[in-house]
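# Working through the structure, step by step
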Number of protein chains: 2
Amino acid sequence: MHRRRLSFVLLLWMLVTLGGCATLVADPLPSWNEGATKQAIVALVRATTDSTSKDYVPPEQRVATFDMDGTLWVEHPMYTQVVFAIDRVREIARANPALANQEPYKTIASGDRAAMAKLTEEDLFKAVALSGNGLSVDAYFDIVRQWLRTARHPRYNRPYTDLFYAPMIEAMKYLRGAGYKTYIVTGSGQEFVRAFAPGTLGVPPEQTIGTMLKIDYEMIEGKPALIQKAGIVLVDDKGGKPVAINMIIGRRPHAAFGNSNGDQQMLEWTKGGAGARLAMIVLHDDAVREYAYGPAGGQPDSSIGTFSQALYDEAKSSGWFVISMKNDWKRIFAFEP
Amino acid sequence: MHRRRLSFVLLLWMLVTLGGCATLVADPLPSWNEGATKQAIVALVRATTDSTSKDYVPPEQRVATFDMDGTLWVEHPMYTQVVFAIDRVREIARANPALANQEPYKTIASGDRAAMAKLTEEDLFKAVALSGNGLSVDAYFDIVRQWLRTARHPRYNRPYTDLFYAPMIEAMKYLRGAGYKTYIVTGSGQEFVRAFAPGTLGVPPEQTIGTMLKIDYEMIEGKPALIQKAGIVLVDDKGGKPVAINMIIGRRPHAAFGNSNGDQQMLEWTKGGAGARLAMIVLHDDAVREYAYGPAGGQPDSSIGTFSQALYDEAKSSGWFVISMKNDWKRIFAFEP
C-alpha cells in the first residue's frame, strides 16, 4: 500500500514536470491549411530543436524575425503609423495655425482626399516625424495607445490591433514555444510599435526593431528624459533590415517572414546562413477576406506593400516559401467565426 | 525495502531539482571586501527579486548595464580598442605606402611616442574607423580575436582579456543568477566588443551595446554580406548611452556601473526610475595594484577615463556608490594569488 502510494506520487511528479509535452499533440498552427507552407514551418522547428539533428541550433541562437505591416497585420489602404500620423498632424494643426498653413501639413489637415493622394513619401515622413517631435518616449506611448483605443480601420470598422493575422500570431507562438526569440523588424517607427507590441503580440521592447528616429537625452526640470526629434538614425527597410538586425541582435535569423520588396534583403540575409533557414513571404491574393495586391493579385505594384514580379521570381528560385493568404490560411483574423 | 528505495529515489529527485539553492549559502561576491558598497549590490538583488518586496521587479524587467573600459577592464594607459586600431593602422600602412604618407596614419605608423601623444581624439577615431573599414563583420571578428591572442598589456605583460576586474565579473554573474540580463554599454565599437564578450564575459551579442559604426548590406559575389564603413551611426557615450540603451533594450536599467564622465547620463537615467535603482561608479585609486586617476587619485583629470570632481560630487549627492578599487576590492584580477 505504501509502495503503491509512493509510486503514485512519483508518477504524478514525473507527469507534472513532463506535462509540457502533452501540448505537442494539439496542432500548434490551426489557422493554417495543410500543405507545403505549413509543413515548412514545422520542419524548421523539428530540424533546429532536435538535438540529434544535423541542423540543431542551440536555444540562444534561435532567432525569428517578422516584418509587421502586411506580414503581421493589415497595411491597406494605408500603413497604420501613417494613419496615426495624419490624425496627429490634424490635431497639432488645430492648436497651431501657423503650422496649419505650411505644406504638407496644410494638405494633410484639409482632409481633401484627392490632394492627399498626391503627397509624396517624403511628405508622409514629415507627418510621421512631426507626430512624435518633442515628446518624451513615455508621453508618445500614451498618445499612440489612446489613438489605438479609438481609431477604426475604414473597411473592417475595428481597432487596428484586431487586424493581426491569426496564422502569423500562431507561427510566432509556435516558434516561441520551441525556444525561438521572435523579433519584429519593421519600417514603422520603433517606438510606435513598442507602444502596443508587448500587450498585443507578446513581443517585448528589446525584440522590437523598427526605423529609429532621433532621440536626445535631456534634463527637463531636473529630471532626465528621452525626447524624440524629427531626424532619422536608421531606416529599417530594405538593406537597413539586416543592418538593424545585426545592430540589435548580432545574430543571423533562422527564420524570417516578410511580404514586400522592403523585406527582400532580410530574407536573403536569413537564407544566406548555414544550416536550416526558412524565408517566407506573404502574398496578398485574397480580395474577399483581405486585399489582393502584388504579382498574382488584382492590384499589381501597389505602392503600399510593393511586391514586385522580380521579387516573386527571386522567392521562387531561392527556395523561399510564398504564403498565399487565399490558399494557405484557413482564417485570417481571430474575430472570424 | 521497496518503500525505502522509492523514498530514496524521491528524495534524490527533490534534491536534484532543488539543488541550485545550495549555492546561495556561498558568498557570491568573494573578491569584494565587506562594507556598504558590497551590501548595496546584495540589497538591490534582495529588494528586486523577493516577490513580497515593495520594490519587486519581474524578471523580464531586470536589466543591469556595465560600461566596459575602466569599469570591466583596464583602460590605462590607453583604451584597448585604440591600441588595436594603432596596430591595425601600422599593418595597413605597411601594405599601402600611399596611406602611410597621410596624416594621422603617418604619425601612427611612425611609432614616435612624442608625436603620437599629440594626436587628437579625432585622429584616434580615424584610426579606429580605418581598422574595420571595408571588412565584413565576420572577417573583422577574426582579426580582433587574432590580435587579442598575441597583444600584451605594457604593464602587466598579459593578454588584455586577462585584465577584467574579478569583482565586477562576480557582480555580473551574481546579477545574472538573480535573473538580471547584464548588458555592456560602452563607448568602444559594438562589433569590437562582440568579438570577445561572449567567450570572456558571458555576454551575448544582443546584450552588447557600443558605439555603432556604419555598416552596409552588400552583395559580394552573389552572397549577402554586412560590410563596415568609416561612418558613425551613434556614439555610445555620455547622453548617447541612455539613448542607445533605449534603442537596444527599451527598458530603464535597475542597476548601472560606470567609471567616468562618459557614464554620468547612464547613471542619472538609471537612478531617475521608480523603485530600487543602483548606480555605481568605479574610482581608480589604487596605483599599486592598478592605476590612480580621478578626483581622489594621483593623476587628476586623466584624459583617458576622465572622472571629474564635479561628477564625484554629483555621485555623492545623488545616492550613487563610489567603488574604491583600493578599499572595496579584495583582489582586482583573477590571476592574483
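Residues numbered from 1 in each chain as written. Chains lettered and ligands numbered in written order. Predicted model: local features only at pLDDT ≥ 70, side-chain atom pairs only at ≥ 80, totals over all residues.

## Some details on the overall build of chain A
Helix and strand counts for chain A come out as 15 helices and 7 strands. Its C-alpha atoms give chain A a radius of gyration of 22 Å, within 12% of the compact-globule value 20 Å for 337 residues. Its C-alpha atoms give chain A principal-axis dimensions of about 85 × 55 × 40 Å. Taking all 337 residues of chain A together, the buried fraction comes to 42%. Contacts in chain A between residues at least 24 apart in sequence constitute 63% of all its contacts with a sequence separation of at least 6. (Helix = DSSP H or I, 4+ residues; strand = E, 2+ residues; numbered from the N terminus. Rg over C-alpha atoms; globule rule 2.2 N^0.38 Å. Buried ≥ 20, exposed ≤ 12 C-beta atoms within 10 Å, placed from the backbone. Contact = placed C-beta atoms within 7 Å.)

## Observations regarding the sheet that holds strand S6 (residues 278-283) of chain B
Hydrogen bonds between backbone groups are what pair the strands of a sheet, and the pairing can be parallel or antiparallel. Residue and element names in this part refer to chain B. Ordered by their spatial adjacency, 7 strands build an open sheet running S4-S3-S2-S1-S5-S6-S7, and the pairing between neighbours is mixed. Each edge of the open sheet carries a strand with a single partner, namely strand S4 (223-234) and strand S7 (321-324). Neighbour-to-neighbour, the strand axes of the sheet open up by a mean angle of 30°, direction not taken into account. (Pairing = 2+ DSSP bridges. Axes fitted to C-alpha atoms, helices over the stretch in contact; angles between N-to-C directions.)

## What about the sheet that holds strand S7 (residues 321-324) of chain A?
Residues and elements named next belong to chain A. In space, the 7 strands of this open sheet follow the order S4-S3-S2-S1-S5-S6-S7, with mixed pairing throughout. Of all the strands in the sheet, the pair left with one neighbour each is strand S4 (223-234) and S7. Shown here is a sheet whose adjacent strand axes are inclined to one another by a mean of 30°, direction ignored. Where strand S2 (residues 181-189) and strand S3 (residues 208-220) come together, 3 bridges link them in parallel fashion. Each bridged residue has a counterpart across the sheet, and for Val-185 the counterpart in S3 is Ile-209.

## Quick look at the relation of the copies chain B and chain A
Aligned on chain A, chain B shows an RMSD of 0.0 Å; the corresponding rotation is 180° and the shift along the axis is 0.0 Å. Such values leave the two copies arranged in the relation of a two-fold axis. Identified as the residue of chain B closest to the rotation axis by C-alpha distance is B:Ile248, at 2.8 Å. Both copies contact each other with a shared surface, as 100% of the interface residues of chain B are interface residues in chain A too. (Least-squares fit on C-alpha atoms with pLDDT ≥ 70 in both.)

## Quick word on the confidence of the model for chain A
Residues and elements named next belong to chain A. Overall, the predicted model of chain A reaches an average pLDDT of 92, with 91% of residues at or above 70. This stretch, residues 19-23, has a pLDDT under 50; its non-local contacts, to residues over four places away or in other chains, come to 0 contacts. In the predicted complex, the global pTM is 0.92; the interface-specific ipTM is 0.91. (pLDDT = per-residue confidence, 0-100.)

## Description of the domain arrangement of chain A
All names here are of chain A. Split by domain assignment, chain A resolves into domain 1 (25-77 + 160-328) and domain 2 (80-150). Its C-alpha centre places domain 1 at a distance of 26 Å from the equivalent point of domain 2. Across the boundary between the two partners, domain 1 contributes 17 residues, which contact 16 residues of domain 2. If you list the elements that add at least two residues to the side of domain 1 that touches domain 2, you get S2, helix H10 (190-194), S3 and S4. Per-element tally for the side of domain 1 that touches domain 2: the top contributor is S4, with 6 residues. Considering only residue class, the side of domain 1 that touches domain 2 consists of 10 nonpolar, 4 polar and 3 charged. (Domains from an automatic or database assignment. Nonpolar A, V, L, I, M, F, W, Y, C, P; charged D, E, K, R; others polar.)

## Remarks on the pairing of S6(B)
All names here are of chain B. The buried count for S6 comes to 6 of 6 residues, which makes it a mostly enclosed element. Summarising the sheet, strand S5 (residues 255-258) and S6 pair through 4 bridges and their orientation is parallel. Each bridged residue has a counterpart across the sheet, and for Phe-257 the counterpart in S6 is Met-280. You can see the chain leave S5, run along helix H13 (residues 264-271) and come back into S6, and the turn it takes is right-handed. Here S6 pairs with S7 via 4 bridges, running parallel. From the neighbouring strand, Val-282 faces S7, where its bridge partner is Ile-323. (Right-handed = clockwise from strand over helix to strand, strands pointing away.)

## Quick notes on the nonpolar core
Ranked by internal contacts, the top residues of the largest apolar core, which has 152 residues, are A:Phe66, A:Ile184, A:Ile281, B:Phe66, B:Ile184 and B:Ile281. In contact with B:Ile184, other than residues within four places in its own chain, are B:Phe66, B:Met68, B:Val193, B:Ala197, B:Val203, B:Gln207, B:Thr208 and B:Ile209. (Core = buried A, V, L, I, M, F, W, Y, C linked by C-beta atoms within 7 Å.)

## Structural notes on the interface of chain B and chain A
When the parts of a complex come together, some accessible area is lost, and that lost area is often used as the size of the interface. The partner chain A presents 36 residues to the 36 residues of chain B that form the contact. When residues of the side of chain B that touches chain A are traced back to their parent elements, those giving at least two are helix H1 (2-18), strand S3 (208-220), S4, helix H12 (240-248) and H13 of chain B. In terms of residue count, H1(B) provides more of the side of chain B that touches chain A than any other element does, 7 residues in total. Of the residues in the side of chain B that touches chain A, the class split is 20 nonpolar, 8 polar and 8 charged.

## Points about helix H2 (residues 36-49) of chain A
Residue and element names in this part refer to chain A. Across its 14 residues, H2 extends 20 Å between first and last C-alpha, which sits within 8% of the 20 Å expected from 1.5 Å per residue. Among all positions in H2, only Lys-38, Ile-41, Leu-44, Val-45 and Thr-48 are buried. Summarising the axial view, the buried residues of H2 lie within an arc of 125°, below the 170-degree limit, and thus occupy one face. (Expected span 1.5 Å × (residues − 1). Arc of directions from axis to C-beta.)

## Observations concerning the pairing of S2(A)
Residue and element names in this part refer to chain A. Of all 9 residues in S2, 9 are buried; the element is thus mostly enclosed. Strand direction decides the pairing type here: strand S1 (residues 63-66) and S2, joined by 4 bridges, are parallel. Each residue of the ladder has a partner; that of Ala-64, found in S2, is Thr-182.

## Observations concerning unusual backbone geometry
Residues and elements named next belong to chain A. Here the amide bond leading from His-76 into Pro-77 is cis, since omega sits at 0°, within 30 degrees of zero. Of note, Pro-77 is situated in the loop between S1 and helix H3 (80-95). A positive phi angle, near 50°, is found at Asn-157, a position not held by glycine. By the secondary structure assignment, Asn-157 is in the loop between helix H8 (137-150) and helix H9 (166-177). Its identity is not glycine, yet Lys-238 carries a phi of approximately 50°, on the positive side.

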